[in-house]
Amino acid sequence: MKKALLVVVWLLGSYTSEAQINIDSLSKESPYGPFTTRFFTEKQIKYGDTTKHFLDTLPDNFQRFDQVSINDYRYQNLGNLGTSLRPIFYEAPKIIGKTSGFSSYNPYFKSPDEIKYYNTKSPYSSIKSVFGGEGRSVVDVQFSRNINPLWNVGFDVTTINADKQVNSSGDGDRNSISWAYDLYSSFSTPDNKYHVLANFSRLRHRVTESGGIIPPEVDPTSNLFGYNDDAKIWLLNAESSKLLINYHVYHHYQLNSLFQIYHILDRTKEVNKFEDDNLAGDGDFFTDFLISPTSTFDRSELKVFTNELGVKGDYNNLFYSFYVKRRSLNYVHKYLENEGIENEDYAGTYLIYRLSDSMSVNFEGEVLTDGNFKIQADFNSKWLNLGFNVNQHAPSFLVDNYFGNHYEWDNNFSSVNSETFKGAINVDLGKLLIRPTASFTTLNDYIYFNSQKRPAQAVGKITIFSPGLDLNLTFLKHMHMDSRFTYTRLGGSDQDKMRIPEIHANSKLYYENILFNKVMWAQVGFDMHWQSAYFAPDYDPVTQQFFLQNDFEIPSYLLADLFVSFKVKRIRWFFKMTNVLQNVEADGYFTTPYYTGQKRTFDFGVNWMFFD
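Note that this is a predicted model, so its numbers are computed, not measured.

> Can you walk me through the overall build of the protein chain in this structure?
What the protein chain contains, in helices and strands, is five helices and 37 strands. By the compact-globule yardstick of 25 Å for 612 residues, the protein chain fits well, its C-alpha radius of gyration being 25 Å. Counting only C-alpha atoms and orienting by the principal axes, one finds that the protein chain spans roughly 70 × 60 × 45 Å. The buried share among the 612 residues of the protein chain stands at 51%. Within the protein chain, counting contacts between residues at least 6 apart in sequence, those at least 24 apart form 63% of the total.

Here you go:
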């Protein structure tokens with residue numbers, strides 16, 4: 001913490017000097033900045049969108065630096081930075097074919113469709129550092145530059161380090177360590193007929209698993225809110241990890257506006273591990289030992305090679321795309337004799353009809369030769385958004401067949417089916433923006449992990465009805481309230497297989513103004529989240545899966561963060577007191593059964609952008 005404070009003092013001093021220089025010599029400032037650096041994504045190029053986006057330089061929500069808060073608290077985690085994640089609300093998968101089934105660390109990986117490609121008039125770099133209390137930190141470094149007007153290269157590096165928040169032996173006793181980086185490049189010919197995008201991404205993510213806090217009824221000396229004092233944990237020697245490596249190339253050639261041909265080449269390697277080299281000290285957590293009573297080493301690997309070839313073009317207000325695709329998969333598990341080798345053949349289309357500059361109809365369809373498919377249709381306008389999704393996807397390799405030191409199963413599950421209708425109305429009343437929303441999902445043959453930590457398939461139907469309301473209110477000139485409320489009602493004969501809190505609410509109440517002769521853009525306020533009590537899924541570190549449980553109801557709790565964030569020229573700062581209501585409302589809160597959320601602590605961060 002002392003080192004972090006010294007860094008802040010140095011940065012403040014450096015900034016003060018720089019600000020003085022800039023203020024005193026405005027006429028000598030570089031002509032390059034956020035307005036001369038723009039970015040685009042592969043999806044835009046693929047679907048004929050030539051829009052270039054400006055950089056986000058505002059302090060809005062800058063204080064949110066973990067995956068849970070960045071995603072509006074719609075993820076469940078294990079209470080610490082870098083731990084496993086589960087979407088609270090059901091999401092139909094993008095891939096309708098086979099996957100590994102290990103997805104709880106995937107949000108920490110930057111996939112090809114998330115890579116930003118830049119067009120810069122000068123070299124662009126960004127350094128973001130977050131110094132969180134209790135040994136938590138995030139560092140994100142970005143760099144991009146144009147070699148010439150048609151060729152750009154760049155890279156991103158992100159690191160996450162988090163000390164144990166429960167039963168820690170001291171500073172540096174890590175709970176999670178994550179390194180992710182990507183390299184990318186874009187190039188187009190002078191006549192803009194040929195365009196190529198290429199990137200390489202890698203994630204190495206490691207988490208020391210605790211198994212959760214031992215309940216006081218099992219060990220009377222264990223305190224659920226003892227944190228590093230007297231909270232006892234189940235596992236002392238266990239670690240889970242994920243390695244993800246991706247190579248990706250997209251390129252197209254345009255004969256004319258009516259006809260283009262494109263090709264995508266993608267290769268992914270995914271390795272998932274669980275290790276415990278001392279079961280003598282951790283054995284009470286496990287019930288079965290199928291291979292070794294002294295140590296566990298489970299490993300799975302999936303390699304996927306994808307080729308996609310398609311045609312696309314524009315005709316008046318219609319954009320069309322038709323493609324064929326092959327995914328070649330090779331799944332290997334350490335203790336399974338047979339490899340999962342499969343070839344999946346797809347055909348699909350993507351259509352956009354632009355009714356006006358602010359109104360469009362989108363249609364996406366994809367079918368797999370084994371019968372799985374997805375259909376997505378959307379209508380978007382300034383005042384109304386409607387969507388319809390039908391999805392039938394294959395069970396993962398993990399739920400189909402598994403053999404490790406602690407579990408064994410061999411299943412023959414059928415595909416999962418879902419239908420979702422959603423809509424939103426946008427009402428702009430000047431200082432009040434109102435957005436009523438609603439979604440209705442029907443699930444059949446839903447696959448879940450039961451209370452025995454084994455995969456199972458629901459035989460009945462599950463329905464999910466989620467009406468909601470988004471509010472953005474400005475009052476007293478500079479006061480703002482941004483809120484999102486979601487109510488969820490589960491139905492169907494197998495509704496107990498799905499766990500979603502009945503009420504999920506976020507609200508940010510803050511003062512915003514441009515101060516000091518319009519030099520500093522500042523926000524100060526409270527960032528709050530509340531959800532009703534529910535029997536949230538528990539977590540099994542062996543398979544990195546969340547599973548059903550009916551013994552521990554996560555209590556409702558108002559999580560409130562007091563924050564100050566501001567921007568001066570090209571520097572953004574935030575200071576935040578996390579969980580200010582601890583010991584006022586309760587001793588703490590739970591994110592997952594027997595996993596406590598972040599205790600009250602002080603976080604701060606800085607983001608510095610350079611354009612030369």
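> How should the environment of Gly-423 be read in this particular structure?
Here Gly-423 is to be found in strand β21 (residues 416-425). Along the backbone, Gly-423 and Ser-439 are 16 residues apart, and their C-alpha atoms lie at a distance of 6.5 Å. Aside from chain neighbours lying at most four places away, what touches Gly-423 is Asn-385, Leu-386, Pro-436, Thr-437 and Ala-438.

> Could you clarify how one ought to interpret the nonpolar core in this entry?
Soluble globular proteins tend to pack their nonpolar side chains together in the buried interior. Counting residues in hydrophobic clusters, the biggest one holds 36 residues, and the most contacted among them are Phe-286, Leu-443, Tyr-446, Ile-464, Met-498 and Ile-500. Of all elements in the fold, only β13 (296-315), β14 (318-333), α5 (397-400), β24 (447-449) and β26 (461-475) reach the threshold of two or more residues within this core. Contacts of Tyr-446, omitting those with residues within four sequence positions, involve Tyr-90, Val-416, Ala-456, Gln-457, Ala-458, Ile-462, Lys-497 and Met-498. If you look at the next biggest cluster of nonpolar residues, it comprises 26 residues, including Tyr-75, Ala-180, Leu-203 and Phe-574.

> I keep staring at the sheet that holds strand β1 (residues 37-40) and nothing clicks. Help me out?
Taken in spatial order, the three strands line up as β2-β1-β5 in an open sheet, and their pairing is antiparallel. Each edge of the open sheet carries a strand with a single partner, namely β2 (53-54) and β5 (117-120). By the bridge criterion, two bridges tie β1 to β2 in an arrangement that is antiparallel. Within β2, the position partnered with Arg-38 by the bridge is Phe-54.

> Can you help me understand the side chain of Lys-128 in this one?
For Lys-128, the location among the structural elements is in strand β6 (residues 124-132). Buried and without a salt bridge, Lys-128 has Asp-140 as its closest oppositely charged side chain, separated by 6.4 Å. Every residue in contact with Lys-128, bar those within four places of it in the chain, is listed here: Phe-62, Arg-64, Val-138, Val-139, Asp-140, Val-606 and Asn-607.

> Is there a simple way to think about the pattern of salt bridges in this case?
Pairing between side chains becomes possible if they bear opposite charge and their charged atoms approach one another. If you walk through the whole model with that rule in mind, you get 27 salt bridges. Linking Arg-484 and Asp-72 is a salt bridge whose minimum nitrogen-to-oxygen distance equals 3.5 Å. Of the two residues, Arg-484 sits in strand β27 (residues 479-487) while Asp-72 sits in the loop between α3 (67-70) and β3 (75-76), which places them 412 residues apart along the sequence. Looking at Asp-72, the relative accessible area reads 17%, which means it is buried. Taking the shortest distance from any N to any O, the salt bridge between Glu-134 and Lys-599 comes out at 3.9 Å. Highlighted residues: Glu-134 in the loop between β6 and β7 (136-148) and Lys-599 in the loop between β36 (595-596) and β37 (601-610), separated in sequence by 465 residues.

> Got a minute to help me understand the pairing of strand β34 (residues 571-578) in this structure?
Extensive coverage of β34 is indicated by the burial of six of its eight residues. Note that strand β33 (residues 557-568) and β34 share seven bridges and pair antiparallel. Note on β34: the bridge partner recorded for Leu-562 is Met-577. The turn linking β33 back onto β34 is made up of two residues, and Lys-569 within it adopts a positive phi angle of 55°.

> Honestly, the packing of aromatic side chains in this entry has me stumped. Any pointers?
In this description, an aromatic ring pair is defined by two values, namely the gap between the centres and the angle between the planes. Counted by the stated rule, this structure contains 42 aromatic pairs. A centroid spacing of 6.2 Å and a plane angle of 20° characterise the contact between Phe-575 and Phe-602, whose relative ring orientation is stacked. With Phe-575 in strand β34 and Phe-602 in strand β37, this pair connects stretches of sequence that are 27 residues apart. With a relative accessible area of 26%, Phe-575 lands in the partly exposed category.

> For this particular structure, what's the right way to read a nonpolar patch on the surface?
A cluster of nonpolar side chains, namely Tyr-253, Leu-255, Leu-258, Phe-259, Ile-261, Leu-309, Tyr-315 and Val-324, defines an oily patch on the protein surface of about 740 Å² accessible area. Those elements that provide at least two residues to the nonpolar patch are β11 (238-256), β12 (259-276) and β13. Structurally, Val-324 can be placed in strand β14.

> Hey, could you run me through unusual backbone geometry in this one?
Among all residues save glycine, negative phi is the norm, and among peptide bonds the norm is trans. The phi dihedral of Lys-477 is positive, around 70°, even though this residue is not glycine. With a phi angle near 55°, Gln-544 is a residue other than glycine that sits in the positive phi range. Inspection of the secondary structure puts Gln-544 in the loop between β31 (538-540) and β32 (545-547).

> Explanation requested: the environment of Phe-575 in the structure shown.
When the C-alpha atoms of Phe-575 and Phe-604 are compared, they prove to be 4.4 Å apart, with 29 residues separating the residues in sequence. With sequence-adjacent residues up to four places away left out, Phe-575 is seen in contact with Leu-562, Phe-563, Val-564, Phe-566, Phe-602, Asp-603 and Phe-604.

> What is the right way to read the side chain of Lys-567 from this model?
Mapped onto the elements of the fold, Lys-567 is located in strand β33. Among buried Asp, Glu, Lys and Arg side chains, Lys-567 stands out as unpaired, with Asp-56 the closest opposite charge at 8.2 Å. Of note is the side chain of Lys-567, whose polar atom sits 3.3 Å from the side chain of Thr-57. Not counting residues up to four positions away in its chain, the partners in contact with Lys-567 are Thr-57, Pro-59, Val-519, Met-520, Trp-521 and Arg-572.

Conventions used here
- Residues numbered from 1 in each chain as written.
- Predicted model: local features only at pLDDT ≥ 70, side-chain atom pairs only at ≥ 80, totals over all residues.
- Heavy atoms only, no water.
- Helix = DSSP H or I, 4+ residues; strand = E, 2+ residues; numbered from the N terminus.
- Rg over C-alpha atoms; globule rule 2.2 N^0.38 Å.
- Buried < 20%, exposed > 50% of the residue type's maximum accessible area, 1.4 Å probe, protein only.
- Contact = heavy atoms within 4.5 Å.
- Core = buried A, V, L, I, M, F, W, Y, C linked by side-chain atoms within 4.5 Å.
- Pairing = 2+ DSSP bridges.
- Lys, Arg positive; Asp, Glu negative; His and termini not counted.
- Salt bridge = Lys/Arg side-chain N within 4 Å of Asp/Glu carboxyl O.
- Phe/Tyr/Trp six-rings, centres within 6.5 Å; stacked < 30°, edge-to-face > 60°.
- Patch = residues over 30% accessible without salt bridge, like charges linked within 9 Å, V, L, I, M, F, W, Y side chains within 5 Å.
- Areas by Shrake-Rupley, 256 points an atom, 1.4 Å probe, with all protein chains shown as cover.
- Polar contact = N/O pair within 3.5 Å; in protein donor to acceptor, adjacent residues only side chain to side chain.

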